[in-house]
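Here is how the chains run, residue by residue.
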Amino acid sequence: MISSHLPVLQVIIPLIAAPICVILRQGLLAWILTTLVCLISLIISCVLFNQVLDEGVISYALGGWFSPWGIEYRLDKLTIFMLLIINGVATIVLLGAKESVADEISSDRLYLFYTAFLLNLTGLLGVIVTGDAFNLFVFIEIASLSSYAMISIGRDRRCLYAAFKYLIFGTVGASFILISVGLLYDVTGTLNMADIFQRLPDIENTKTVTTALIFFVVGIGIKAAIFPLHLWLPDAYNYSPSIVSTFLAGTTTKVFIYVLIRFIYSIFGHETVFIQEAFNNLLMILACAGILYGSYLAIKQDSLKRLLAYSSIAQLGYMLLGISLATEAGLAAGLIHVFNHAIIKVTLFLSVVCIIFYTRTDSISQLSGLAKTTPLLMVSFLVAGLSLIGVPMTAGFISKWYLIKASFESGYWGLVLVIVFSSLLAIVYIWKFVEAAYFKSPENGVSKLELNKERPYLLSFSLFIFVIANIYFGIDSSLNVDMANSIAHDFYHGF
Amino acid sequence: MMSDQLLIVLAICLPVVATVFIAVTHNYTNVRETVTLFSAVCLIIVVYSLLQRVLAGEQPQLHLLEFLPGLSLHFKIEPLGMLFACIASFLWLINSIYSIGYMRGNKEKHQTRFYIYFAIAIASTIGIAFSANLITLFVFYEVLTLSTYPLVTHKGSEDAMRAGRVYLGILLSTSICLFLPAIIWINVLAGTTEFTNGGILTNDIGHGVILILLMLFAYGIGKAALMPMHRWLPAAMVAPTPVSALLHAVAVVKAGVFSIVKIVIYIFSPALLSDVIEINILLYLAGLTIIVASVIALQADNLKRRLAYSTISQLSYVVLATALLAPISIMGAALHILAHAFGKITLFFAAGSIYTATKKTSVSELDGIGKAMPWTMGAFAIASLSMIGVPPTAGFLSKWYILQGAFSVESWFAVGVIIISTLLNAGYFLPIIYAAFLKKPVDGKELSYNEAPLPIVLALTLTAAITILLFLFPETPLQLLNLLVGNMS
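Calculation notes
- Residues numbered from 1 in each chain as written.
- Chains lettered and ligands numbered in written order.
- Predicted model: local features only at pLDDT ≥ 70, side-chain atom pairs only at ≥ 80, totals over all residues.
- Helix = DSSP H or I, 4+ residues; strand = E, 2+ residues; numbered from the N terminus.
- Rg over C-alpha atoms; globule rule 2.2 N^0.38 Å.
- Buried ≥ 20, exposed ≤ 12 C-beta atoms within 10 Å, placed from the backbone.
- Contact = placed C-beta atoms within 7 Å.
- Pairing = 2+ DSSP bridges.
- Nonpolar A, V, L, I, M, F, W, Y, C, P; charged D, E, K, R; others polar.
- Axes fitted to C-alpha atoms, helices over the stretch in contact; angles between N-to-C directions.
- Parallel < 35°, antiparallel > 145°, perpendicular 65-115°, else oblique.
- Left-handed = near helix turned anticlockwise from the far one by under 90°.
- Core = buried A, V, L, I, M, F, W, Y, C linked by C-beta atoms within 7 Å.
- Expected span 1.5 Å × (residues − 1).
- pLDDT = per-residue confidence, 0-100.

Caption draft 1: Local environment of the overall build of chain B. When its secondary structure is counted, chain B shows 19 helices and two strands. In terms of C-alpha radius of gyration, chain B reaches 21 Å, essentially the compact-globule figure of 23 Å for 489 residues. On the principal axes, the C-alpha backbone points of chain B span a range of 70 × 55 × 45 Å. Per-residue burial over chain B gives 60% buried out of 489 residues. Excluding contacts between residues fewer than 6 apart, the proportion of contacts in chain B whose partners are at least 24 apart in sequence is 81%.

Caption draft 2: Quick peek at the overall build of chain A. Within chain A, the secondary structure is distributed over 19 helices and two strands. The C-alpha atoms of chain A give a radius of gyration of 22 Å, which matches the 23 Å a tight globule of 495 residues would have. Across its three principal directions, the C-alpha atoms of chain A cover 70 × 55 × 40 Å. Sorting the 495 residues of chain A into buried and exposed places 61% on the buried side. Considering only intrachain contacts with a sequence separation of at least 6, the fraction spanning at least 24 residues in chain A is 80%.

Caption draft 3: Region of the structure containing the pairing of strand β2 (residues 71–76) of chain B. All names here are of chain B. Pairing geometry for strand β1 (residues 61–68) and β2, over five bridges, is antiparallel. Among the inter-strand pairings, Glu66 is bridged to a residue of β2, identified as Ser72. Between the antiparallel neighbours β1 and β2 lie two residues, among them Gly70 with a positive phi of about 80°.

Caption draft 4: Main features of the interface of chain B and chain A. Counting from both sides, the interface comprises 20 residues of chain B and, opposite them, 23 residues of chain A. The set of elements that each furnish at least two residues to the side of chain B that touches chain A consists of β1, α5 (134–152) and α6 (158–190) of chain B. It is α6 of chain B that contributes the most residues to the side of chain B that touches chain A, eleven residues altogether. Of the residues contributing to the side of chain B that touches chain A, the split by class is 15 nonpolar, four polar and one charged.

Caption draft 5: Quick peek at the environment of Ile196 of chain A. All names here are of chain A. Secondary-structure assignment places Ile196 in helix α7 (residues 193–199). Residues Ile196 and Ser266, spaced 70 residues apart in sequence, show a C-alpha to C-alpha distance of 8.7 Å. Residue contacts for Ile196: discarding those within four places in its chain leaves Ala133, Leu184, Thr188, Thr190 and Ile267.

Caption draft 6: Representation of the packing of helix α2 (residues 27–55) of chain A against helix α3 (residues 77–104) of chain A. Residues and elements named next belong to chain A. Here α2 crosses α3 at 160°, and the two axes come no closer than 9 Å. The orientation of α2 relative to α3 falls into the category roughly antiparallel. Note on packing geometry: the crossing formed by α2 with α3 is left-handed. Listed contacts from α3 to Gly27, Trp31, Thr34, Thr35, Cys38, Leu39, Ser41, Leu42, Ser45, Leu48, Phe49 and Val52 of α2 are Lys77, Ile80, Leu83, Leu84, Asn87, Gly88, Ala90, Thr91, Leu94, Leu95, Lys98 and Ala102. Within the contact of α2 with α3, the residues separate by chemical class into 14 nonpolar, eight polar and two charged.

Caption draft 7: Just the nonpolar core, in detail. The biggest cluster of nonpolar side chains holds 400 residues, and the ones touching the most others in it are Ala11, Val261, Val319, Leu320 and Ala334 of chain B. Of all the elements, helix α13 (residues 328–359) of chain A adds the most residues to this core, at 22 residues.

Caption draft 8: Fine view of helix α16 (residues 395–410) of chain A. All names here are of chain A. For α16, spanning 16 residues, the distance from its first C-alpha to its last is 23 Å, which sits close to the expected 22 Å at 1.5 Å a residue. Summarising burial for α16: 14 of the 16 residues are buried, a large majority. At the exit of α16 stands Gly411, carrying a positive phi of roughly 80°.

Caption draft 9: Representation of the packing of helix α15 (residues 375–389) of chain A against helix α18 (residues 457–475) of chain A in the model. Residue and element names in this part refer to chain A. One can describe the packing of α15 onto α18 by two numbers: an axis separation of 10 Å at closest approach and a directional angle of 35°. Taken as a pair, α15 and α18 cross one another with a handedness that is left-handed. Counted together, Ser380, Val383, Ala384 and Ser387 of α15 and Leu463, Val467, Asn470, Ile471 and Gly474 of α18 form the full contact between these two elements. Of the residues belonging to the contact of α15 with α18, the class tally is five nonpolar, four polar and no charged.

Caption draft 10: Fine view of α6 of chain B. For α6 of chain B, with 33 residues, the first-to-last C-alpha span of 46 Å sits near the 48 Å given by 1.5 Å per residue. Remark: Gly191 of chain B follows α6 of chain B within two positions and exhibits a positive phi of approximately 80°.

Caption draft 11: Layout of the confidence of the model for chain B. Per-residue confidence for chain B gives a mean pLDDT of 86; residues scoring 70 or more make up 98%. In the model output, the complex is listed with pTM 0.86 alongside ipTM 0.77.

Caption draft 12: Here's a closer look at unusual backbone geometry. Residues and elements named next belong to chain B. For the bond running from Met227 to Pro228, omega is 5°, close enough to zero to count as cis. As for its placement among the helices and strands, Pro228 is situated in the loop between α7 (207–220) and α8 (232–235). Cis geometry is adopted by the peptide bond preceding Pro392, which originates at Pro391 and carries an omega value of 5°. Within the secondary structure layout, Pro392 lies in the loop between α15 (374–388) and α16 (394–408).

Caption draft 13: Summary view of the environment of Val467 of chain A. Residues and elements named next belong to chain A. Tracing the chain through its elements places Val467 in helix α18. Classification of Val467 by C-beta neighbours within 10 Å gives buried; the count is 22. Separated by 88 residues in sequence, Val467 and Val379 place their C-alpha atoms 9.2 Å apart. Apart from residues lying up to four places away in sequence, Val467 is in contact with Thr347, Ser380, Val383 and Ala384.

Caption draft 14: Representation of the environment of Tyr402 of chain A in the model. Residues and elements named next belong to chain A. As for its position among the elements, Tyr402 is in helix α16. The exposure class assigned to Tyr402 is buried, which follows from the 26 C-beta atoms found within 10 Å. Sequence separation of Tyr402 and Gly330 is 72 residues, and the distance between their C-alpha atoms is 8.0 Å. The residues contacting Tyr402, other than those within four sequence positions of it, are Ala332, Ala333 and Ile336.

Laid out in structure tokens, this is it:
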């Protein structure tokens, strides 16, 4: 009985837990509750994963109201793939969050952080499961508003400015998405994605539909921080509490890439004429520019969090690149990178969270000689860094392999060059820190800092899981690669 | 009898397992060194029993794990790889003996770290030697780069770090930018990356594409130090001498040229290349590198730098011999990997021996040193003769085969390059020997130092002796190479 309601439970459980957190008003209890909720959420998504693999697409009518009157939750392979990523990242990150959050957020606000976190999770999961275009907008707003709150909750006053900047950008982006949904509703008379998909071909060349697409792309471009609409991202990642940056880096941008894929393949339809050439070329150019720009700026940063933020912009470019190839292999490569990058970037950010916990700084120049103080921590960073660069036997290599292969198959030589060249830039910015930590003497660096004597065991444990995941998915990539291939296959050859 | 699979696993894992014990015995230096020596001996036994099987005509195989659909870590021991593994495992033992003398004699720091990364580098070299497809080769190629980086920067000084940056920068960037795309391209074209007798590429993919792929490999494999990708090699000379000796004269650079030879034989196949290539660019590039590097070596006063440029030039001999595409010249290429390994390691051992005993690093300071260090300089002389290609040394054999190959395909360019470079080799090695044995010390005083510690002298005498023995008894390597040529046809 309850198993048929799992799609809605995925969203409802964190939504209900959020106000309970406020009632609890106590940091530790709130953390326990939130972790439990994440865990339940993860279990639900695992069950759904099996259900969808066994039975195919699940359609769930919210409140018993079938579409087109009610809201439909629609779960296909792409949905469960994303659910698994988001819930996995959320659970493991939150498991280790307690120590760092207690360190970086004042204790009377802790429960608010967990509340915002739960709302954010609600929003992200809702965006993924819903099959209704307007409902999707609502969930995007829930996720965004709660993330503004999470960013601004830290002790560092600069986070207020970062949150405000994100708020302005984010609101513009959301409005554009809303306008796009409105225009689509206007011409098709429905908000259900599957219905819009069916009705659009009759009117595909009208100006309204083209306008809707443009509004959508710009809106989602801002939300997903696609170059050149990424301006809010470096500040948001840099000044927010480090666990928040970790969570945002692992989930939010991935979800918006998901929305992009969903709109292209399940609403507008990738075979539609106007989505073919100009659109793909535009995405491709933006992707390449983003890759090079992000990698280049990452090299120039001294703050680790900011460095990783720019690196994220570059890595988003990789995902976009895969999508812009507009082939089955390209889409699969993009999805594989969504999965792998979630793991890689969260590992890197969690390492930085640990570093900040110990040293209270993330400035590379102050951290020279760190490897002598915290050798295991640096090994974690190194493994994740190598994975980001794309060294064999790590998750990052798998992504690179499929991206380059997809580019070759489409005959885009230039893209191969961009990918390998940006890998070099990745070496430079990762090695910048590795070298400082391993080979510079601690005298002008770590020795001057006052180190935290406490040991963040839970945090280290989360980090450890992610480090292992980096290697595991580099050796046995069947889970994510098979899923991505089968999702792409479905989109190109029907379900 | 142990199964093939187990032996292959042992060959790759023994050095890795050794690292654990080396780390555990950190505080007991004698035990630690015993661990290294013991595992080196074990490795030789394992490699030897594999050698027997390969000589009997078998090709032991092992599929490990499939990390991408259709792409797995796959090992298969063909004759060329067997030869390379023999060299690497045997020299690991000798080099370990030498390292003990050198590292203790010079009171180097972080010795445990040194032995650990050294063992990992050896494991990855064996992995490269036994790889059965490009992807496995690439994996171990990268591991080798990364594991040798801490060895290059061992001193931790500003110089060492700068050198490390050049080292890592060139090797990683060439492999990621050129080598990896070439591998993926081949996978897209041929649907496989397995090393196969007769190659996996065919004529119909177009001459231009084949040529571009060949160039991608030639430059992508930065370890082969084809100019202008050679800068990392002299930079790596800041490392302690045993590292320069085994890794930057034998394992790392040989991994580079070995990969090129293997790719030419088993991916392209010489027959395909000689059909397709009208102007043999690879041949000219290799020839140019040989000459230019020799000229630079001639001018270098720092002994290790001179040896480094000599290495660059000798590596291109292998590339040149491969590019001639005649079966006999490819045999020459493989023989040269062997001959140069023993010759060059002796030279580096000697350079380290001189440094340990006298702290001297320049060629111009070596006047009269032969009287004080007769064993060291004697070995140096033998190895120099091998570099020049004078009988009775192994270097003569390989040059003989390469020249025969050059004549058989009537490549007068190659013949000319070999003659000129032989003269240049003589030009930069003979003066050192002359100065060491026949000149008087500059200030006319008696030299106040003696031979280096015993392990050092022992190691370099052994390698020098083997250089001569290889000339006298080349049966086993030739047998392997005949198998190799048999595979090609």
